[in-house]
Each structure stands twice: as C-alpha cells, then as structure tokens.
Amino acid sequence: MNRIQQLFKKPGGKLIPYVTAGYPLLNLTTKLVLAMEKGGADMIELGLPFSDPLADGPVIQASSQVALKNGVNTQWVLEQVEIIRKSSQIPIALMGYINPILKYGYNKFFSDCRQVGVDGIIVPDLPIEEAKDFVLLSKSNNISPILLVAPNTPNDRIRTISQMAGDLVYCVAILGVTGEKLSKEATLVKYLSRVRENSNTPFIVGFGIKTHQDVERINRLSDGAVVGTAFVEKLRDSNHPVKTILEYVKELKGIK
Amino acid sequence: MENPIKTYTLPDEKGHFEIFGGQYVPETLIPALSELKELYNTLKQDGAFTEELSQILKSYAGRPTPLTYANRISEELGFHVYLKREDLAHTGAHKINNVLGQILLAKRMGKKRIIAETGAGQHGVATATAAAKFGFPCTIYMGTEDIERQKLNVFRMELLGAEVIPVSSGSCTLKDAINEAIRDWVTNVETTYYLIGSVVGPHPYPMIVRDFQSIIGKETKIQFKDIANGDQTPDTIVACVGGGSNAIGIFHTFLSDNVRLVGVEAAGKGLKTGKHAASITKGSFGVLHGSASFILQSEDGQITLPHSISAGLDYPGVGPEHSYLKSIGRVEYASATDDESISAYIWLCEKEGILPALESAHALSFLRSPDNGIHSGENVVICLSGRGDKDAQTVAEFLGRDI
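Scope of this entry: the structure provided in the associated data block. (Residues numbered from 1 in each chain as written. Chains lettered and ligands numbered in written order. Predicted model: local features only at pLDDT ≥ 70, side-chain atom pairs only at ≥ 80, totals over all residues. Heavy atoms only, no water.)

**Comments concerning the overall build of chain A**
Next up, step 1: Counting its regular elements, chain A contains twelve helices and nine strands.
Next up, step 2: On C-alpha atoms alone, chain A measures out to a radius of gyration of 17 Å, which is about the 18 Å that the 2.2 N^0.38 rule sets for 256 residues.
Next up, step 3: Expressed along its principal axes, the backbone C-alpha trace of chain A runs to roughly 45 × 45 × 35 Å.
Next up, step 4: Of all 256 residues assigned to chain A, the portion counted as buried reaches 63%.
Next up, step 5: Once local pairs closer than 6 in sequence are excluded, the contacts in chain A between residues at least 24 apart make up 72%.
Next up, step 6: Accessible surface computed for chain A: about 10000 Å², of which carbon and sulfur atoms make up 51%.
Next up, step 7: A gap of 4 Å separates the mean positions of the 30 positive and 25 negative side-chain charges of chain A. (Helix = DSSP H or I, 4+ residues; strand = E, 2+ residues; numbered from the N terminus. Rg over C-alpha atoms; globule rule 2.2 N^0.38 Å. Buried < 20%, exposed > 50% of the residue type's maximum accessible area, 1.4 Å probe, protein only. Contact = heavy atoms within 4.5 Å. Areas by Shrake-Rupley, 256 points an atom, 1.4 Å probe, with all protein chains shown as cover. Lys, Arg positive; Asp, Glu negative; His and termini not counted. Charge placed at Lys NZ, Arg CZ, Asp CG, Glu CD.)

**A word on helix 5 (residues 122-134) of chain B**
Since the α-helix packs 3.6 residues into each turn, any two residues three or four apart lie on the same face.
Next up, step 1: The terminal C-alpha atoms of helix 5 of chain B, which comprises 13 residues, lie 18 Å apart, in line with the 18 Å expected from a rise of 1.5 Å per residue.
Next up, step 2: Among the residues trailing helix 5 of chain B, B:Gly135 stands out with phi positive, at a value near 75°. (Expected span 1.5 Å × (residues − 1).)

**With respect to the layout of surface pockets**
Next up, step 1: Here the largest pocket defines a volume of roughly 420 Å³.
Next up, step 2: The wall of the largest pocket is formed by 18 residues, among which B:Asp211, B:Phe212, B:Ser214, B:Ile215 and B:Lys218 lie closest to the centre.
Next up, step 3: Of all the elements in the fold, those that place two or more residues in the lining of the largest pocket are helix 2 (47-59), helix 9 (205-213) and helix 10 (215-227) of chain B.
Next up, step 4: The greatest single-element share of the lining of the largest pocket, amounting to four residues, is contributed by helix 2 of chain B.
Next up, step 5: Considered as a void within the structure, the second largest pocket measures approximately 300 Å³ in volume.
Next up, step 6: Lining the second largest pocket are 14 residues; nearest its centre among them are A:Tyr106, A:Glu130, A:Asp133, B:His16 and B:Tyr24.
Next up, step 7: Listing elements by their share of the lining of the second largest pocket, those giving two or more residues are helix 7 (132-140) of chain A together with strand 11 (284-288) of chain B.
Next up, step 8: Residue classes in the lining of the second largest pocket are distributed as seven nonpolar, one polar and six charged. (1 Å grid on protein atoms, 1.4 Å probe; cavity = no way out; pocket = protein on both sides within 12 Å on 5 of 7 lines; lining within 4 Å. Points joined across faces, edges and corners; volume = space filled by probe spheres on them. Nonpolar A, V, L, I, M, F, W, Y, C, P; charged D, E, K, R; others polar.)

**Let's talk about the packing of aromatic side chains**
Next up, step 1: Scanning the entire structure with this criterion turns up 17 aromatic pairs over all chains.
Next up, step 2: Ring centres of A:Phe50 and A:Tyr97 lie 5.6 Å apart, and the angle between their planes is 25°; on these two criteria the pair is classed as stacked. In this pair, A:Phe50 is assigned in the loop between strand 2 (44-47) and helix 3 (58-69) and A:Tyr97 in the loop between strand 3 (92-95) and helix 5 (98-104), connecting sequence segments 47 residues apart.
Next up, step 3: One aromatic cluster is present, formed by A:Tyr104, A:Tyr106, A:Phe109, A:Phe110 and A:Phe134 through successive ring pairs.
Next up, step 4: The residue whose ring lies beneath A:Lys234 is A:Tyr248, and the NZ or CZ to ring-centre distance is 4.7 Å.
Next up, step 5: Above the ring of B:Phe254, the side-chain terminus of B:Lys221 is found at 5.3 Å from the ring centroid. (Phe/Tyr/Trp six-rings, centres within 6.5 Å; stacked < 30°, edge-to-face > 60°. Lys NZ or Arg CZ within 6 Å of the ring centre and 35° of its normal.)

**Describing the side chain of A:Thr178**
All names here are of chain A.
Next up, step 1: Take Thr178: it is sitting in the loop between strand 7 (169-172) and helix 9 (185-198).
Next up, step 2: Taking the relative accessible area as the measure of exposure, Thr178 reaches 11% and is therefore buried.
Next up, step 3: Polar contacts involving the side chain of Thr178 include one to the main-chain amide nitrogen of Gly57, which spans 2.9 Å.
Next up, step 4: Discounting chain neighbours no more than four positions away, the residues touching Thr178 are Ala55, Asp56, Gly57, Ile60, Phe207 and Thr229. (Polar contact = N/O pair within 3.5 Å; in protein donor to acceptor, adjacent residues only side chain to side chain.)

**So, the pairing of strand 7 of chain A**
Residue and element names in this part refer to chain A.
Next up, step 1: The alternating pattern of strand 7 places Val169 and Cys171 and Tyr170 and Val172 on opposite faces, both of which are buried.
Next up, step 2: Inspection of the sheet shows strand 6 (residues 147-149) paired to strand 7 by three bridges, in the parallel sense. Paired with Leu148 across the bridge in strand 7 is Tyr170.
Next up, step 3: A crossover links strand 6 with its parallel partner strand 7, the connecting element being helix 8 (residues 155-165), and its sense is right-handed. (Pairing = 2+ DSSP bridges. Right-handed = clockwise from strand over helix to strand, strands pointing away.)

**Some thoughts on empty space enclosed by the protein**
Next up, step 1: Tallied over the full model, the rule gives twelve cavities of 30 Å³ or more.
Next up, step 2: Approximately 360 Å³ is the volume attributed to the largest cavity.
Next up, step 3: Along the wall of the largest cavity there are 31 residues; nearest its centre are B:His94, B:Lys95, B:Ser245, B:Gly312 and B:Glu359.
Next up, step 4: Of all the secondary structure elements, the ones that give two or more residues to the lining of the largest cavity are strand 5 (113-118), helix 5, helix 8 (174-187), helix 11 (245-251) and helix 15 (358-367) of chain B.
Next up, step 5: Its residues assigned to classes, the lining of the largest cavity comprises ten nonpolar, 17 polar and four charged.
Next up, step 6: Approximately 220 Å³ is the volume found for the second largest cavity.
Next up, step 7: A:Asp56, A:Ile60, A:Tyr170, A:Thr178 and A:Phe207 are, among the 22 residues lining the second largest cavity, the residues nearest its centre.
Next up, step 8: Elements represented by at least two residues in the lining of the second largest cavity include exactly strand 9 (225-227) and helix 11 (229-237) of chain A.

**Things to note about the sheet that holds strand 4 (residues 80-85) of chain B**
All names here are of chain B.
Next up, step 1: Pairing in this open sheet of six strands is mixed, and the strands run 3-4-14-9-10-13 from one edge to the other. Two strands lie at the open edges of the sheet, namely strand 3 (67-69) and strand 13 (331-337), each paired on one side alone. With direction set aside, neighbouring strand axes in the sheet form an average angle of 25°.
Next up, step 2: Bridge count for strand 9 (residues 236-240) against strand 10 (residues 260-268) is five bridges, and the pairing is parallel. Its bridge partner being in strand 10, Val238 is matched across the sheet by Val262.
Next up, step 3: Lying on the sheet, helix 14 (residues 338-352) is in contact with strand 4, strand 10, strand 13 and strand 14 (379-384); it crosses strand 13 at an angle near 90°. (Axes fitted to C-alpha atoms, helices over the stretch in contact; angles between N-to-C directions.)

**Some remarks on helix 10 (residues 212-221) of chain A**
Next up, step 1: Listed as buried for helix 10 of chain A are A:Asp214, A:Val215, A:Arg217, A:Ile218, A:Asn219 and A:Leu221.
Next up, step 2: Of the surrounding elements, those touching the buried residues of helix 10 of chain A are strand 1 (15-20), helix 9, strand 8 (203-206), strand 9 and helix 12 (241-253) of chain A.

**Let's talk about the pairing of strand 12 (residues 291-295) of chain B**
All names here are of chain B.
Next up, step 1: In terms of burial, strand 12 is largely enclosed, as five of its five residues are buried.
Next up, step 2: Looking at chain direction, strand 11 and strand 12 are connected through five bridges and run antiparallel. What sits directly across from Leu288, in strand 12, is Ser291.
Next up, step 3: Connecting the antiparallel pair strand 11 and strand 12 is a turn made up of two residues, with His289 showing a positive phi of about 50°.

In short, shape yes, function no, at least from these values alone.
Written out as structure tokens, the structure is:
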C-alpha cells in the first residue's frame, strides 16, 4: 500500500499544499516541503514545471517559467523527492503536463517515481480517453493515478473516472484555470454531492481555495483541499519563504 | 510516383491518425468537444447545412477562387505552374473557408460568443469578419510580438468590432495565443465557441478544419481538368505548412490520386541554426495544444521557441494529420528559409503581378530549389494561400527600406 492509499483510509478532511518544484529557488524545494509537513500538511502536490501549462492561471504559469529558468527538469524533481524521503514519509503526488513525461518515457518515469518514493501523479491534460497505458503503468508501479473530474463532467463519466483511478480523484472546483475565484456554496454543494454519489473512491478538491474557511468548507464536502496558487503567491511575495510557508500552512489548518 | 491511398477514412472515432491526434485537454473541455463532434457528424450529412455553407462561400467569400496559369514563371522554370488563388478569397486568405463553416456550427450550438487565436492575423481577421456578419461578440488572442509585425491586421480586426487581447507570456507568438484562448475557453466553455484556425488542437478540430478547407482541393481538381491540355490531375502540388490548414485543404482530395504532394515548412534562418519552425523536418513526437504530433521541444520535453519571418508559420507544432502523412510517406516535407521566401515574394510580384503572403512565398520558393525533383514539362499547382499586403512592412524592413 502506498502512502496516499494509507492516508485516505483515515477519515476526515486533509490539507494538500502545492508548490512548483524549483520555485522560487532550487535550494528551497526540499525545505519548503518539509516546512509544509511541519506546519500540518497531510500530503504534498509537487509541480513539474512545463513551458505551456494551459490549465494554470498566470501565477502558477509565472512560477513554472522561473523554475525552468532555474534549470529544473523531471530528473531534478525526482532527485528532490529522493532527498525528502530521507527525512519524511509525507505522501507526495507529482503534478505535471503530459509532454515532459512522454519525453522522459512512461516506463522510465514510473519506475523512477517508484524508486524515489513518489505516491501519486496528476496530469491535467490527460483525460481518460488518452490515459489507458498511463494508468496501467502507474498502478503496476504502486503509484496512484489521480484522475480529474470537472464541474461539467456527467455522472456516468464520474463513475468511469473514479473506477479507473481506483485510489483518489481530483475534482476541479470551478470551470476555469488555477487561481480563479471559488464558486458559490450552493453550486459547490450540488457539484460535490454529485461526485460523492457517483465516485467509489475518495476525492480531493482544488482550484480557487485560499483561506482556512475555504479549506473547512471544502473538507466538509470532500476528503481533502488542495491549495496551490495561494502558496505560490506567498512565495513570490516573501523574503523569508520557509517561515512564511510554515505559518501559512498553520493558518490554513486553523492552528494558532 | 508516391503511394496513393485508396481508401482514406482517418481520423478514427477518437480522433487518432494512428499514433497522432487525440484529445490531450483538461477534463472541463471534454463535454464541449463531444458536443461539437456529435453536432458536426450530424450536420455534415445535413443537406440544408451544406447548402447554407456553400451559398455563403459563393456569395460572401467569393468562391470558387480561380486557378491561374503563371505563364512568365512557367517559362523561366521550364514547367507549368498554376496558382490556386486563395489570396482572392474574402479577407485575403484561405482562412475564411474554415471560419464560415465553424461560425455556422457555433450558431447551431447556440453559443453567444466567439474566441480565436491568431498568428499573422489572417485567421483573426477572418474570424472577426464572420463574427460581424453573424452578429457575435468576438475576442481574438494575439501574441505581442505578432501584434508588432502585423499592425495592419490588428487595426482591421478592431474595425470589424473584435477585441484584440495582447498575449505577453512565453514567446509572445501564436503558441502563447493558443494557450490563452484555451484558458478563456476552459473558463467560459458553456457560452463560448472556440474557433480554431488551423488543423491543430484536440479532436474534432483537425478533422473539421480539414473538411472545411478541402474545398480548395476539390475546386482545384475541377479547374485543372478544364484548363490543362487533356491532363486529369497535376503532377505535383505544393503548399506551405505552419499548422497546415491550406496544405491539408489542397492535398486531401488528391490523397488517392497519383499526385506528388509537397508541404514546405519554414526553415527560418536555416535548419542548422535552431532558429526555424520546421516541426516535421526537425521536430520529434510529442503533445502540444491537445494533440500528439511532431513538435519542436527540448530534451526535457519543454516546447522550444520557433522562428520564422512569416508570423503565420511561426509555430512549434503541426497538425497531427501532417505528421501521419509524413510517417506513411504519402506527403513529402521540404523547407524554405526567410531569405529564400523574401526572394520568392519579390519574384512573384515582378513576374506575375501578384503579392503573395510570406507564408505562400515559402511554397513558391520550392519551385526554384535546384533539387526539387520537378521535371521539365510537368504540371505543378501551388496553393497561393493568401495575399501579401500585410507583409509589405516586414519585407521593406528586411530590405532595409523605410516606408
């Protein structure tokens, strides 16, 4: 059983911060992940930067550009996970677009992920139509393929996606890209209840979540809240990134 | 001669041309793509729809466009050159063929707003034109670098009532304009129709755009028979390839004929300099903007910046069907540099009294290449995809002239 499967056996809402690997500086990534864990994060979403991230808003896009300028590539990100694993067992999912993974080679990618201790993979531009081989290879390497559902995904398709994913589903909270405003309560309740009724796996929710109140709201309706753009904004604006991130995770968890 | 394909039915149900094509997009767009595919498959067999499109292509876009015998360059080259005159279509390029088809789809789908990307501005102008004609609000995404080199087209789009949004991320050109258009579409998918301008993007776009552009080849076939002395089909057809819509448009009807088909990519400052846009000739397999194809990328799978003097060819990918046709050897792909294309631009002006688009000048320059494999006396058709007024400023700058 991988760390994601173990985590989601436990009841209750989870907090899942996101950070773009190699942003703002190469030597901060492992420190930031460990600070997130120390602050109370339950799982980490680590971004593999891509030149053309079309599901992301301007904030995460800009962080990807900086990371690429810093020289980040897939191999480097996997090395960071290896370093983190020396002192931490927090579940880690990578988030990346399909092209760099395709270029790295599916077989090598999953076998290297397994070796360094990655637990899950999220690919925002790989819908189930194109994901068959990817999902099989992921599962055969004990890595959870975290497939996406959107607010306009029909019920029967939610069932197919959740069956195919098996361990965990990622619900995009809004029609839009990362960093936009969260929908109204009634819209969210309707959408996430529909997912609850049709999904036989746990699901986490991301896009537009910024405050402790947002996290509590989302966790009442799902199994975990992903906070991405807000973390990248904090990093962008801070002179003491590790301290800032530690405090922000605590704030999101409601720890005084 | 090349190997003609007897029955050609691609793409398959999921939009694949073997390993190319597909739908590599965020989940949010899947319902919209399914809806579009279903509607299109119904409408293409609907006589009323095809008749409406055919009428508007005739009465508004000015089709059929002529096939002109280029007697002076034919004389110089020693083979017969015919120009398929897409420069004479309304708005000055082949782009209008696809735009009118898709805007009728948007109308039938009940969409309230049109968005599009543009590189050279020709697709943006065509989209803004059709949006004006059909009464849709229209937003065009355009890279800031392209805005700089195509000011005339930006002004034309604004006159036509479109909002032109400058895109300053990445390379500030066509690929970034497509990213931004996709982000807008993801956010406004329920009300907005994304009118893609080339045979790129997720299924069903490469198929739909191809079908709407295939009128170029269908007309060429009929016209060639009329004006050539007893020959049924040309020996060779040449077209420029950026995303590849004019090339697919003229090639498609001839895939099962004994006709040599040549696509010409932009070699920019030279294939060896790394400053080019030759995705088929120099690229590798990958995924960009929703489909698998040949793309320009780094060893790490990051998209690299293309270069071409022609904004319409300055794109790091190519339509998936071109990659497929290359992989099976049915279409040959060559390239032409910035210098060669400028020279061909001036050549056509002087010899035939036609200003070609710089994109089309890439196809023309193939005719003058010493190893082009064209025999004397052959019949060659060039797809003259657009007119070159928009490029006069670029050509003047290249020549160091102040206008």
